[in-house]
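Here's the letter readout for the chains.
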Amino acid sequence: QVELVESGGGSVQAGGSLRLSCTASGHSISSYHLGWFRQAPGKEREFVAVSKGNTGAEWYSDSVKGRFVISRDFAKNTVHLQMNDLESGDTAVYYCAADGARRWSIQAVQYDYWGRGTQVTVSS
């Protein structure tokens, strides 16, 4: 059992930055892949970035590569998403998710646990 709680969402102008945080609680959090997903109204939930279990190795979707940075503090069981050069297309509810499988994934259906989400709104 894993509990995930996101924070840091808000409103920002295009070109600005925002930092999201996710705190995980439970057993063996360090072995989980911790990912960020987002969902805009009327659209499917999409992968944003992942920090792989044990190593913290990163992988990003093409849409955010070069603008977003995922980081992880294994000692505190937290993962962060630094979002820079935000665009209107980044507006969505952002979710933190945990995947206990050996192999990491960008597919939302593979993740076992989810936070409630935090709203990010980018205005122009």
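Residues numbered from 1 in each chain as written. Predicted model: local features only at pLDDT ≥ 70, side-chain atom pairs only at ≥ 80, totals over all residues. Heavy atoms only, no water.

**Student:** Hey, could you run me through the overall build of the protein chain in this one?
**Tutor:** Across its full length, the protein chain holds zero helices and 11 strands. Reading the protein chain from its N end, one meets helices and strands in the order β-β-β-β-β-β-β-β-β-β-β. Against the compact-globule benchmark of 14 Å for 124 residues, the protein chain has a radius of gyration of 13 Å, which places it among compact chains. Expressed as a percentage of its 124 residues, the buried residues of the protein chain come to 44%. A sequence separation of at least 24 residues applies to 57% of the contacts in the protein chain between residues at least 6 apart. Accessible surface for the protein chain amounts to roughly 6,600 Å². Of this, 45% is attributable to carbon and sulfur atoms. Separation between the mean location of the 12 positive side-chain charges and that of the 12 negative ones in the protein chain comes to 4 Å. (Helix = DSSP H or I, 4+ residues; strand = E, 2+ residues; numbered from the N terminus. Rg over C-alpha atoms; globule rule 2.2 N^0.38 Å. Buried < 20%, exposed > 50% of the residue type's maximum accessible area, 1.4 Å probe, protein only. Contact = heavy atoms within 4.5 Å. Areas by Shrake-Rupley, 256 points an atom, 1.4 Å probe, with all protein chains shown as cover. Lys, Arg positive; Asp, Glu negative; His and termini not counted. Charge placed at Lys NZ, Arg CZ, Asp CG, Glu CD.)

**Student:** Can you help me understand the nonpolar core in this one?
**Tutor:** In terms of nonpolar packing, the biggest core is built from 28 residues, with Trp36, Val48, Phe68, Leu81, Met83 and Tyr94 touching the most fellow members. Of all the secondary-structure elements, those providing two or more residues to this core are strand 1 (2-7), strand 3 (18-26), strand 4 (33-39), strand 5 (46-51), strand 7 (68-73), strand 8 (78-83), strand 9 (92-99) and strand 11 (118-123). If you look at the next biggest cluster of nonpolar residues, it comprises five residues, including Phe37, Phe47, Val50 and Ala97. (Core = buried A, V, L, I, M, F, W, Y, C linked by side-chain atoms within 4.5 Å.)

**Student:** What should I look at first to understand unusual backbone geometry in this one?
**Tutor:** With the exception of glycine, most residues fall at negative phi, and the peptide bonds are largely trans. Notably, asparagine 54 is not glycine yet its phi reads approximately 70 degrees, a positive angle. Even without a glycine there, the phi angle at aspartate 85 is positive, about 50 degrees.

**Student:** Sorry if this is basic, but what is going on with a nonpolar patch on the surface here?
**Tutor:** A cluster of nonpolar residues, Trp59, Trp104 and Ile106, forms a patch on the protein surface that exposes about 280 Å² of accessible area. One can find tryptophan 104 in the loop between strand 9 and strand 10 (113-114). (Patch = residues over 30% accessible without salt bridge, like charges linked within 9 Å, V, L, I, M, F, W, Y side chains within 5 Å. Salt bridge = Lys/Arg side-chain N within 4 Å of Asp/Glu carboxyl O.)

**Student:** What is the right way to look at the packing of aromatic side chains in this model?
**Tutor:** Both the distance between ring centres and the angle between the ring planes are used here to describe each pair of aromatic rings. All told, the structure shown has seven aromatic pairs when counted by the stated rule. Summarising the aromatic geometry, the rings of tyrosine 32 and tyrosine 113 are spaced 6.2 Å apart at their centres and angled 70 degrees between planes, so their arrangement reads as edge-to-face. Placement of the pair is tyrosine 32 in the loop between strand 3 and strand 4 and tyrosine 113 in strand 10, with a sequence separation of 81 residues. Here tyrosine 32 falls in the buried class, since its relative accessible area comes to 13%. Three or more aromatic residues joined by ring pairs make a cluster, and in this case those are Phe37, Phe47, Tyr95, Tyr111 and Trp114. Its guanidinium or amino end placed over the ring of tyrosine 95, arginine 45 lies 3.9 Å from that ring's centre, counting from NZ or CZ. The ring centre of tryptophan 59 lies 5.6 Å from the NZ or CZ of lysine 65, which sits over that ring. (Phe/Tyr/Trp six-rings, centres within 6.5 Å; stacked < 30°, edge-to-face > 60°. Lys NZ or Arg CZ within 6 Å of the ring centre and 35° of its normal.)

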